[in-house]
Amino acid sequence: MVLGTYKEIVSARATDKQIQKVSQDGGIVTGLLAFALEEKIIEGAVVAGPTDEFWKPEPMVAMSADEIIAAAGTKYTFSPNVMMLKKAVRQYGIEKLGTVAIPCQTMGIRKMQSYPFGVRFLADKIKLLIGIYCMENFPYASLETFISEKMGISMELVEKMDIGKGKFWVYTQDEVLSIPLKETHGYEQSGCNVCLDYVAELGDVSTGSVGSPDGWSTVITRTDGGDSIFKQAVEAGAFETKDIANVKPGLDLLQKLSAQKKEKNQKTIDKRKEMGLPVPF
Ligand SMILES: Cc1cc2nc3c(=O)[nH]c(=O)nc-3n(C[C@H](O)[C@H](O)[C@H](O)COP(=O)(O)OP(=O)(O)OC[C@H]3O[C@@H](n4cnc5c(N)ncnc54)[C@H](O)[C@@H]3O)c2cc1C
Ligand code: SF4
């Protein structure tokens, strides 16, 4: 199945105006973590927090809605959120934990839960794992190169970055700049070329922008827990939803991109096997 196992797929956005303002797409990650915190489904969440370096995230344990909101928005470089889970439980004493993770990180978390060597105390404390779609990721130096050198704009002026419609976009207070995505090829992390998961197939809930209009997200509920938390949040008015069948570009595009990623990267895996090189799958 090209989108993994799921219960339901809808287009959705957070109703909270503050969340709409700071979030990347429909504010599903921020809205759902904040809702789960408020409802005491979780006691804290590991998110990709801001640092002194512009657009360089660092994993952070957020214990309040304000801290979750401060970490909203996509940073197109690594935030090793998985590393912080242990600390969240051991040092912050969190018994019910939420987190957000790109597909490879969700795989790591599920693996850790299935084979909890040295982390048995952590495996059952993750109550909400939100996966975000990911086509590829960039080392920080790559981001700096194509933003400051190719686009000619200093990182500190950037207010938002986005990938969509075949381009890498940068928004400043008064300008919108873009370069064709093909100009970013070669700058991605090489490990991404053997990655077969686009839509975070192992999340409790997965979300991303593709399939839904600007300002909205495509939300896939997958586990009983994830489906129930999302539905409670919709019922409480935290999100408005639309039937994915009625939105453009809709599921066809999501399926197409997921299939493309799997096919392209499977070829790289096959080639590596042929050459006798190690592959992760
Ligand atoms: C590297 C990368 C590539 C992506 N590629 C695609 C794509 O091809 N197609 C698509 O539809 N969506 C993609 N996304 C997801 C998309 O950009 C949004 O993150 C997603 O739609 C959630 O939006 P939101 O408004 O619900 O989240 P928000 O409410 O804005 O919250 C975003 C959450 O993600 C966390 N976060 C931000 N950056 C990172 C990071 N680098 N690693 C881990 N967590 C992070 C933040 O801490 C925050 O909690 C990508 C995200 C990343 C990080
Ligand atoms: S493409 Fe795969 S390996 Fe690369 S960052 Fe995204 S999820 Fe991780």
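The structure we're discussing is the one just above.
On a predicted model such as this, the values are computed, not experimentally measured, just so you know.

Rules and cut-offs
Residues numbered from 1 in each chain as written. Chains lettered and ligands numbered in written order. Predicted model: local features only at pLDDT ≥ 70, side-chain atom pairs only at ≥ 80, totals over all residues. Heavy atoms only, no water. Buried < 20%, exposed > 50% of the residue type's maximum accessible area, 1.4 Å probe, protein only. Helix = DSSP H or I, 4+ residues; strand = E, 2+ residues; numbered from the N terminus. Near = heavy atom within 4 Å. Polar contact = N/O pair within 3.5 Å; in protein donor to acceptor, adjacent residues only side chain to side chain. Areas by Shrake-Rupley, 256 points an atom, 1.4 Å probe, with all protein chains shown as cover. Nonpolar A, V, L, I, M, F, W, Y, C, P; charged D, E, K, R; others polar. Contact = heavy atoms within 4.5 Å. Pairing = 2+ DSSP bridges. Axes fitted to C-alpha atoms, helices over the stretch in contact; angles between N-to-C directions. Parallel < 35°, antiparallel > 145°, perpendicular 65-115°, else oblique.

Visitor: Tell me what's going on with helix α2 (residues 28–38), and back it up with residues and numbers.
Guide: Among the eleven residues that make up α2, ten are buried, leaving the element largely enclosed by the rest of the structure. Within the span of α2, buried status applies to I28, V29, T30, G31, L32, L33, A34, F35, A36 and L37. In the stretch just after α2, K40 is the one whose phi turns positive, near 60 degrees.

Visitor: Can you tell me about the site of ligand 1, naming the residues and giving the values?
Guide: Close contacts around ligand 1 come from 32 residues, with Q24, D25, T30, A48 and T74 the closest. In this structure, an oxygen atom belonging to ligand 1 sits 3.5 Å away from a main-chain N or O atom of G26. One of the backbone N or O atoms of T77 is found 2.8 Å from a nitrogen atom in ligand 1. In the complex, 98% of the free accessible area of ligand 1, which totals 920 Å², lies under the protein chains. Put simply, the parts of the chain that give the shell around ligand 1 at least two residues each are α2 and β2 (44–49). For the shell around ligand 1, the element with the most residues is α2, which contributes three residues. When its residues are assigned to classes, the shell around ligand 1 shows 15 nonpolar, 14 polar and three charged.

Visitor: Please give an account of the environment of Q24 that cites residues and values.
Guide: Positionally, Q24 belongs in the loop between α1 (17–22) and α2. Residue Q24 is classed as buried on the basis of its relative accessible area, which comes to 12%. Put simply, Q24 and F35 are eleven residues apart on the chain and 18 Å apart in space, counted from C-alpha to C-alpha. With sequence-adjacent residues up to four places away left out, Q24 is seen in contact with G73, T74, Y76, K160, M161 and D162. There is a polar contact of 2.8 Å between the side chain of Q24 and the backbone nitrogen of T74.

Visitor: Describe the sheet that holds strand β7 (residues 167–171), with residues and values.
Guide: With respect to topology, three strands assemble into an open sheet ordered β6-β7-β8, the strand pairing being antiparallel. Two strands lie at the open edges of the sheet, namely β6 (160–164) and β8 (176–180), each paired on one side alone. Direction aside, neighbouring strands of the sheet carry axes that sit 20 degrees apart on average. Strand direction decides the pairing type here: β6 and β7, joined by five bridges, are antiparallel. Paired with I163 across the two strands is F168, which belongs to β7. Along the sheet, helix α7 (residues 140–150) contacts β6, β7 and β8; its crossing angle with β7, the most-contacted strand, is approximately 70 degrees.

Visitor: Outline the packing of helix α4 (residues 81–90) against helix α5 (residues 103–114), listing residues and values.
Guide: The N-to-C vectors of α4 and α5 enclose an angle of 40 degrees; their axes lie 9 Å apart at closest approach. Classed by the angle they form, the pair α4 and α5 counts as oblique. Across the interface between the two elements, N81, V82 and L85 from α4 touch Q105, I109 and M112 from α5. By residue class, the composition of the contact of α4 with α5 is four nonpolar, two polar and no charged.

Visitor: So what's going on with the pairing of strand β5 (residues 126–132)? Residues and values would help.
Guide: Here β5 lies mainly inside the structure; five of its seven residues are buried. The pairing of strand β4 (residues 97–101) with β5 spans five bridges and is classified as parallel. From the neighbouring strand, G98 faces β5, where its bridge partner is L128.

Visitor: Mind laying out the environment of E175, listing which residues take part and the relevant values?
Guide: Summarising the element assignment, E175 is placed in the loop between β7 and β8. Of the residues examined, E175 reaches a relative accessible area of 38% and is grouped as partly exposed. The spatial distance from the C-alpha of E175 to the C-alpha of E159 is 10.0 Å, given a sequence separation of 16 residues. If we skip the residues at most four places from it in the chain, E175 touches I153 and V170.

Visitor: Provide a residue-level description of the site of ligand 2, including the pertinent values.
Guide: Around ligand 2 lies a shell formed by I102, P103, C104, C134, M135, E136, N137, Q189, C192, C195 and K261. Classifying every residue of the shell around ligand 2 gives seven nonpolar, two polar and two charged.

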